[in-house]
Amino acid sequence: MDSWWTSLFEFLKIILPLVVLYYLLRMVMRRQYQSLVAVLNSKRKDNQASFQLKSRLQALERLSLYIERIEFQSLIYRLNEPGMQTRQLYYAMLIALQEELEHNITQQLYVSDQLWQIINSARDHQIRILGELKSELADEGDARELIERINAYTMQSNDQVMQTARRAVKEEAKMLL
């Protein structure tokens, strides 16, 4: 019986330190794992924040360019061709206004709802004014007549809608930076 107790005691002398060592190592490894996970989560959040900021700034850049591209003078410069009729230039400008919106529609994901409404109001304003300027002209007339009316409107008006859109983009960019 004495040898049985001696054997058990010898066995426990070997096993108990191993068990204690196992649990200590397990506890240390768990803490290291948790701290590594915390560091990785922090880096991931930083990367996400950086990506979101970059995406939002790029969207604001695109919308700023969009505003410039839907300006009457920009549309005329890109679309007017010698010998165009009023109707042709008018519809080319309407199509360009719609295509510009379609090209930039996803930017609304990265900007505030208020800014997106202002951007849409600017486009709607351009369409409305273009229709008003064209309404008194003959469809088959020379497009230069429409261009002259647009130029007169541009010189005469301060075009607060387009300026408001530009300011709104700048303000949202300032809020991000």
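A. Structural context of helix H6 (residues 160-176). Given a rise of 1.5 Å per residue, 17 residues ought to cover 24 Å, and the 24 Å separating the end C-alpha atoms of H6 matches this to within 8%. Those residues of H6 that fall on the buried side of the exposure criterion are Met162, Ala165, Ala168, Val169, Glu172 and Ala173. Projected down its long axis, H6 carries its buried residues within an arc of 130°, all on one side. Exposed positions of H6 whose direction lies more than 90 degrees from the buried face are Lys170, Lys174 and Met175. On its buried face, H6 sits against helix H1 (2-69) and helix H4 (113-135).

B. Seen up close, the packing of H4 against helix H5 (residues 143-156). The interhelical angle for the contact between H4 and H5, taken along N-to-C directions, is 125°, at an axis separation of 10 Å. Judged on the interaxial angle alone, H5 and H4 are oblique. Where H4 crosses over H5, the two elements pack in a sense that is right-handed. Contacts between H4 and H5 pair His125, Ile129, Leu130, Leu133 and Lys134 from the former with Leu146, Arg149, Ile150 and Tyr153 from the latter. Residues of the contact of H4 with H5, tallied by class, amount to six nonpolar, one polar and two charged.

C. Region of interest: the environment of Leu89. Summarising the element assignment, Leu89 is placed in helix H3 (residues 86-104). The class of Leu89 is buried, set by a relative accessible area of 0%. For the pair formed by Leu89 and Asp139, sequence separation is 50 residues and the distance between their alpha carbons is 9.7 Å. Those residues within four positions of Leu89 in sequence are excluded, and the remaining contacts are Leu79, Asn80, Met84, Ala143, Leu146 and Ile147.

D. Inspection of the environment of Met84 at higher detail. Along the chain, Met84 turns up in the loop between helix H2 (72-79) and H3. For the pair formed by Met84 and Gly141, sequence separation is 57 residues and the distance between their alpha carbons is 8.6 Å. Those residues within four positions of Met84 in sequence are excluded, and the remaining contacts are Leu79, Leu89, Ala92, Gly141, Asp142 and Ala143.

Conventions adopted
- Residues numbered from 1 in each chain as written.
- Predicted model: local features only at pLDDT ≥ 70, side-chain atom pairs only at ≥ 80, totals over all residues.
- Heavy atoms only, no water.
- Helix = DSSP H or I, 4+ residues; strand = E, 2+ residues; numbered from the N terminus.
- Expected span 1.5 Å × (residues − 1).
- Buried < 20%, exposed > 50% of the residue type's maximum accessible area, 1.4 Å probe, protein only.
- Arc of directions from axis to C-beta.
- Contact = heavy atoms within 4.5 Å.
- Axes fitted to C-alpha atoms, helices over the stretch in contact; angles between N-to-C directions.
- Parallel < 35°, antiparallel > 145°, perpendicular 65-115°, else oblique.
- Left-handed = near helix turned anticlockwise from the far one by under 90°.
- Nonpolar A, V, L, I, M, F, W, Y, C, P; charged D, E, K, R; others polar.

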